[in-house]
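# Per-entry structural report
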Amino acid sequence: MIMAKSIRDKISLDGMWKGLLESWSEPGSTIEKVIVLPGTLDEHGLGPKPDSASDRLSRAYAYEGVASYERSVDIPESWRGKSIFFRMERTRETELRVDGILVGSSNSLSTSQVYDVSRYLDPGKHLITVMVDNRSGIMAWNSIRNSHMATDHTQTNWNGIVGAIELYAVDPVHIEHVRVHAQSAGTVHGKALLRKPAGSCAVGRILIQMKDLNSMAIVETKEIPFSMYSEIVEAEINFTIEADETLRLWDEFDPAMYSFHLTLDGIMGEHRFADEQIVPLGIRNFIAGGTQFEVNGKKTLLRGKHDACVFPLTGYAPMDVDSWLDVFRTAKAYGINHYRFHSWCPPEAAFEAADRIGIYLQPELPLWNPGTAFEDDEEWQYFSDEAFRILKAYGNHPSFVMFAWGNELAGSIERMELLVEEARKYDPSKLYAIGSNNFFIHARAPRNSDYWTTFWTEGNWNVKKSGYGGKHVRGATPHSTRGFINNNPPSSRKDYQEEIKDIPFPIIGHEVGQFQIHPSFNEINKYKGVLEPELLTRFRAHAAASGLLSQADDFQAASGRLACLCYREEIEAVLRTPGMAGFQLLDLQDFPGQGGAFVGILDSFMDSKGIIEPEEWRRFCSEVVPLVRIKRYVWSEGERIDAQIEVANYGPSSLEDRAVTWSIMNENGRQVAEGSFPNVVISQGDVGLVGTLEFEIPPIAEPERWKLWIKIEQTTYCNEYALWVYPSRGEVSIPSAVFISDAFDTWTQEALHEGKNVLLLPSAHRSFGHGPQGTFIPDFWCYPMFKKYDPPGTLGILCDPAHPALSDFPTSSHAEWQWWHLMKNSRAMVLDEAGADYRPIVQVIDNVARQQKLGILFEAKVGKGKLMICSIDLWSQQDRPEAQQLLHSLLNYCKSDKFVPEAIWTEEYVEKIFANQMMSEVISNPNADTYG
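In this report, the structure presented in the accompanying data block is examined. This is a predicted model, so every value here is computed, not measured. (Residues numbered from 1 in each chain as written. Predicted model: local features only at pLDDT ≥ 70, side-chain atom pairs only at ≥ 80, totals over all residues. Heavy atoms only, no water.)

### Here's the deal with the sheet that holds strand 14 (residues 174-182)
Within a sheet, adjacent strands bond to each other through the backbone by hydrogen bonds, running parallel or antiparallel. What the three strands build is an open sheet, ordered 14-15-18; its pairing is antiparallel. On the outer flanks of this sheet lie strand 14 and strand 18 (234-241), each paired with one strand and no other. Ignoring strand direction, the axes of neighbouring strands in this sheet form an average angle of 15 degrees. The pairing of strand 14 with strand 15 (residues 188-195) spans eight bridges and is classified as antiparallel. What sits directly across from Val178, in strand 15, is Ala192. (Pairing = 2+ DSSP bridges. Helix = DSSP H or I, 4+ residues; strand = E, 2+ residues; numbered from the N terminus. Axes fitted to C-alpha atoms, helices over the stretch in contact; angles between N-to-C directions.)

Structure below.
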């Protein structure tokens, strides 16, 4: 609720307060300090230094308990007879005293805490004392301590007051609250709640002016008389502003904002009274139209971002609009139009910024309870009250379009559904859900929610139990054996039509992505606030001890580009699905808790990692995206490419009479082929077929990497796809100068004794040593959290494309689709003892919690001979052109005078790296089918 700016008198209490804290070093004693509020004790360096956190950023200071904040205030004579209120915009559970007398307590974490102090504050000096408790009461509940409103994994459980602190005075007859609901046609329904003391009659009027915030012009004026009898203390005044076709509607493309300025004046007894309030207004209608969302009658696809309140400098969310404008502008630059606030509700500044920018918001209650949510009567009452406090405080903002009760809840579904019904009656302008990904262990569609945020529509979490099912609506999971990106041969044809066909309401892909990216330790220098990056510094020390520190930036670049490739597949699978409602990425930015989930293309500060530019990201994450359905990315000469070209159009209007062109370019910029589809019409909200691309690959002498471009002419919308094209090689011809082996056996060792060039290719049935099994996608979320499922835990590959061993195998420095079958049919080999400076030719990037030096292609001198080891099962893959080509490149290298390894290894060391050992203890873990 935005307070009025003129008639209401205010005294700001921002500034210096006396803080009284329980001593953490001398029990029973009190510490007295000057505290500047708004702020937290962490920011003042107050509190014990906690033990270093092993799984998150560490608080430099962590005070938990009761802290008292005292300040004197001088109430002016002009406030005599007024109604006086004390407001704190955001804090923890509090008690308020005036001159030592208890006024009351409040425990809203999501909205302003407002105390009526009228009978405690006569004109003159008074002492105000606020006691803030971040340890007991509701702050002791696990359901809140686990939420992102209080968890030390992100926001931290601070003590203080972080928003505006003020006293304000109003006349005894005043406007308590205003609610407005705008319809897409332009009609606005509103309610103003008036309050007065009992004992006197009041008569007056409300003048309502609707203003265009762009031009500040008054577009509508209405005057409503009212009267309140002596015994009445509350009266609700209803008003309607009829539709006007000249009014602009609010959405992501045109976030047109108006405001209602309500002015109240009249007489109570012999006294005149006056008040005013200003409330925001965006005229929009956000509904579930079948299986998709509609904004003002037009379909939208939610391109969402998960938000866990990651603000490392302060440990809490910014309370000013400008900071949130920066946040949302960054997200929108990457095509994001939707925010899901995971188990917390942002402050009003976020709603106001989203109003201006055009972002669809879904706040949640400060609730994360995967077992007994809403079952306890006290908690049920609290969260129910908090839901209505949130609706009352922020419900007028047009950006507030959806509301869910929390993250991955399980418990009383009856109460969850009851709260949906009650909230829907109170504010029908929003869509409601019982939670995000609730009851996911055994997937079941909710009964009365307006939409379903889930990672699958059918399935059983347990790995070792039958009846799994498994209709996922995201491409990766904590189990590396699930998810289409890692387990279906790569193509651009996957969609979720089968997965959503039986669900009659909108489906949003829950926490999509979670592809881990190796951190750059340069980020450590950014931590100049209340949180210390001890997790990162420990990882850096581990990298130094492993001899991998100098490669950290290269690891980030290579793993990041692979992650982008996988994020693209996640996003395009949703875009290709007619009737799908959207996705919520986890995440555009890093999550510094739960073991360190560095899953973002932006770091924890929302700064770019330099992996991908926003313009490139928006090619596949935007309101309009050209798409290609192609059965694979790897081809041979003479094959015929048949692909469907489509356009997902969730822009503001239909695309009519547009030419859609395609072209294939080689790496030198030479055009290989082109085509055009003139006069294309793609209706708004459709995934429309443009036409079929048909092209026969001509004979080629050398492998090439092509780019397929799709462009919508006279627009900025375009997309690109990499294709790899190989010549037909036929049977492998082994040069006489190269000894081929599939094991480090007696014959191989004898060849090395004789000074031969040896290429060792272990086959699938031979031992590959004890390194992690090959995989394509980066590790999901973070290795420590899900290692019990025995994932490979790796982050792709790093190689030097200019190395002569790869001269006949075109590659980038990171994994792309031509590596998919190769990596899936490999096992990385552990080279920790090869020397600090040793670098494999193709290095597998390990996660930062383990940090082993891993390779799938590497070389050394052994005795008189030269040994190249490739732990990709190339023999079983010779029906694939990429495997043929890599083997061809390796053979050419091994027979050449460029095969001059620098490292010198003993036979004993080579035998050691082939030793078949258990890599970890998680393989036979009996609890590996449980969540968390």
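The rest of the description comes next.
### Details of the packing of aromatic side chains
Under the defined criterion, the tally for this structure stands at 51 aromatic pairs. A centroid spacing of 5.3 Å and a plane angle of 80 degrees characterise the contact between Phe809 and Trp819, whose relative ring orientation is edge-to-face. A residue pair is termed long-range when its members are at least 10 positions apart, and Phe809 in the loop between strand 45 (794-799) and helix 13 (820-824) and Trp819 in the loop between strand 45 and helix 13 qualify at 10 residues. Residue class for Phe809 comes out buried when judged on its relative accessible area of 0%. Clustering of aromatic rings is evident, with ring pairs tying together Phe440, Phe455, Trp456, Trp461, Phe780, Phe786 and Tyr789. Here Arg179 stacks its cationic end above the ring of Tyr426, 3.8 Å away from the centre of that ring. In this structure, Lys711 is placed above the aromatic ring of Trp709, and the distance from its NZ or CZ to the ring centre is 5.6 Å. (Phe/Tyr/Trp six-rings, centres within 6.5 Å; stacked < 30°, edge-to-face > 60°. Buried < 20%, exposed > 50% of the residue type's maximum accessible area, 1.4 Å probe, protein only. Lys NZ or Arg CZ within 6 Å of the ring centre and 35° of its normal.)

### Overview of the packing of helix 2 (residues 321-333) against helix 3 (residues 348-357)
Two packed helices can be described by the angle between their axes and the distance between those axes. One way to put it is that helix 2 packs onto helix 3 with a least axis distance of 8 Å and a crossing angle of 50 degrees. Taken together, the axes of helix 2 and helix 3 are oblique relative to one another. With respect to the hand of their crossing, helix 2 and helix 3 are arranged in right-handed fashion. The residues of helix 3 that touch helix 2, namely those facing Val321, Trp324, Leu325, Phe328, Arg329 and Lys332, are Ala349, Ala350, Glu352, Ala353, Ala354, Arg356 and Ile357. Residue classes in the contact of helix 2 with helix 3 are distributed as nine nonpolar, no polar and four charged. (Parallel < 35°, antiparallel > 145°, perpendicular 65-115°, else oblique. Left-handed = near helix turned anticlockwise from the far one by under 90°. Contact = heavy atoms within 4.5 Å. Nonpolar A, V, L, I, M, F, W, Y, C, P; charged D, E, K, R; others polar.)

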